Amino acid sequence: MLLLAERLRPFGLVARGGFHPAPADGVPALAGGRAVGTLVMIGNVGRAGGDPMWAAFAGERSAHPGPDPMNAWTRGAIDPLARDHGACALYPFGGPPHLPFQRWAMLAEPVSPSPLGLLIHPEYGLWHAYRAALAFAERLDLPARPAAASPCASCVEKPCLETCPVQAFDAKGYDAPRCALHLDAPEGADCMERACRARRACPVGAERAQQPDQALFHMRAFRRGMALRRGGA
Ligand code: B12
C-alpha cells in the first residue's frame, strides 16, 4: 500500500481505503470470472489552498484535448499503475450503467450520504471525489475502516438545504435539470465560478473548497453533461 501511495502522489491522488467485496456489492468479476478479493478506492481530497489533484491535472491538461480531459488524464495515470500492481482499474465514469462508487466508498471509509446526495466525510466535508478503484484478485490485509458519525446527524440548521438559489435540493432529492437551468442563466455565475452554493454552505471542511479555476472546470463539465442529456450542445 505504501508503494501505491508513492505512485499516486505525483498525480495528487490518494488511496481512500478498501474492502473485501461480497457478491451483493456489485463489484464486477475479473477476467475469467474470478471474484475480486480486494477493492481499493482512489480519489482526490481538497486542501486549504488547493486540491493537489487539480494542480497535477492542470499542468497536463493540454495533453488531453478531447471532450473529457480529466477522465482521459485519470486513465493515463491509473491504467499503468493498475498493470504494475496486477490489478484491474475500474472508473466512476463511462456509464450508464454507472458502477456504484458511492456505495463502495461507504464500505471503504467513513463517508455517509449528505442531504445533497454527495457523500460527506467528517474531515473533508463535501470536498472530495473518487477517480478510480483498483480490483485485486487477492484478499489483501486492510486496516479496519475507522468508525465516525456523520457530521450531518448533529447538524440542526442544515444550511445546505436552505442555500440553493433555485431550491434544487430537498428531502426528496436533487433536481439536476433545475440546477442546470440556473447555471445556464446569468444569475448562475456565482455557482459556476465558485462551485455549487449549497455545497459551499456546509461548514464541514469548508476551508478545503475548490479554488475558482477547479470549480469552473467541474461546473462546466456538469453543465455540458446536462446539455447532452437534453440533446443540446
Ligand atoms: C450520474 C451522476 C451524476 C448526475 C446525477 C446525480 C443524481 N443525484 O441524480 C449529475 C450529472 C446530475 C451529477 C452531478 C454532479 N455530481 Co455526480 N455522479 C454521477 C455518477 C456518474 C453516477 C451516480 C449513479 O447513478 N450511480 C449508480 C448507483 C447505483 O450507484 P451507488 O453508489 O450505489 O448509488 C448510491 C448513491 O448514489 C447513494 N445516494 C445518492 N444520492 C443520495 C441521496 C441520499 C439522500 C442518500 C441517502 C443516498 C444517496 O445511494 C445510492 C444507493 O446506494 C457518480 C459516479 C459513480 N459511478 O457513482 C457521480 C458522483 C456521484 N458525482 C459526484 C459529483 C462531485 C458531482 C457534482 C458535484 C460535480 C460537480 N459539478 O462538481 C455534480 C453536482 C452538481 C452540483 N450541484 O454541484 C461525485 C460525488 C462525490 C461525493 N463526495 O460523494 C461522484 C461519486 C463522482 C466522483 N468522481 O466522485 N452526477
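Every chain's residues receive numbers from 1 upward, in the order its sequence appears when written. It should be noted that, the model being predicted, local features are given only for residues of pLDDT at least 70 and side-chain atom pairs only at 80 or more, the latter also being counted only at that level, while totals for whole chains, interfaces and linings use all residues. Values shown for side chains rest on all heavy atoms present in the structure; no hydrogens or waters enter the calculation.

Caption draft 1: Inspection of helix α2 (residues 52-60) at higher detail. Throughout this description, buried means an accessible area under 20% of the type-specific maximum (1.4 Å probe, protein chains only), exposed means over 50%, and partly exposed covers the range between. Secondary structure elements are taken from DSSP: a helix is a run of H or I of four residues or more, a strand is a run of E of two residues or more, and numbering for both begins at the N terminus. Residues of α2 that are buried include every one of M53, W54, A56 and F57, and no others. Taken end-on, α2 shows its buried residues confined to a sector of 165°, consistent with a single buried face. Set apart from the buried face of α2 by more than 90 degrees, the exposed residues are A55 and G59. For α2, the N-terminal cap is D51; the gap from its side-chain oxygen to the backbone nitrogen of M53 is 2.8 Å. The arc in question is traced by the directions running from the helix axis to the C-beta atoms. Distance and chemistry together define a polar contact, namely a pair of N or O atoms within 3.5 Å, with one atom able to donate a hydrogen and the other to accept it when in protein, and with adjacent residues in sequence counting only for side-chain atoms on both sides.

Caption draft 2: Region of interest: helix α3 (residues 69-85). The span expected for a helix works out to 1.5 Å for each residue beyond the first. Taking 1.5 Å of rise per residue, the 17 residues of α3 would be expected to cover 24 Å, and the 25 Å separating its terminal C-alpha atoms lies within 8% of that figure. All of the buried residues in α3 are P69, M70, W73, T74, A77, I78, L81 and A82.

Caption draft 3: Structural view of the side chain of D25. You can see D25 is positioned in the loop between β1 (14-19) and β2 (38-45). For the buried D25, no salt bridge is present, and the opposite-charge side chain at shortest range is R103, 5.6 Å distant. We call two residues in contact whenever any of their non-hydrogen atoms come within 4.5 Å of each other. Excluding its chain neighbours within four sequence positions, the residues that come into contact with D25 are F19, P100, R103, W104 and L107. Charged residues are defined narrowly, with Lys and Arg counted positive, Asp and Glu counted negative, and His plus the chain ends left uncounted. When a carboxyl oxygen of Asp or Glu lies within 4 Å of a side-chain nitrogen of Lys or Arg, that pair is called a salt bridge.

Caption draft 4: Region of interest: the sheet that holds β1. When DSSP finds two or more bridges between two strands, those strands count as paired. Taken in spatial order, the four strands line up as β1-β2-β6-β3 in an open sheet, and their pairing is antiparallel. The strands lining the two open edges of the sheet, one partner per strand, are β1 and β3 (88-90). Going from strand to strand, the sheet's axes swing by 30° on average, the running direction of each strand aside. Inspection of the sheet shows β3 paired to strand β6 (residues 128-136) by three bridges, in the antiparallel sense. Bridge pairing in β6 links C88 to A135. Helix axes are fitted only over the stretch in contact, all axes being lines through C-alpha atoms; the angle between N-to-C directions runs from 0 to 180 degrees.

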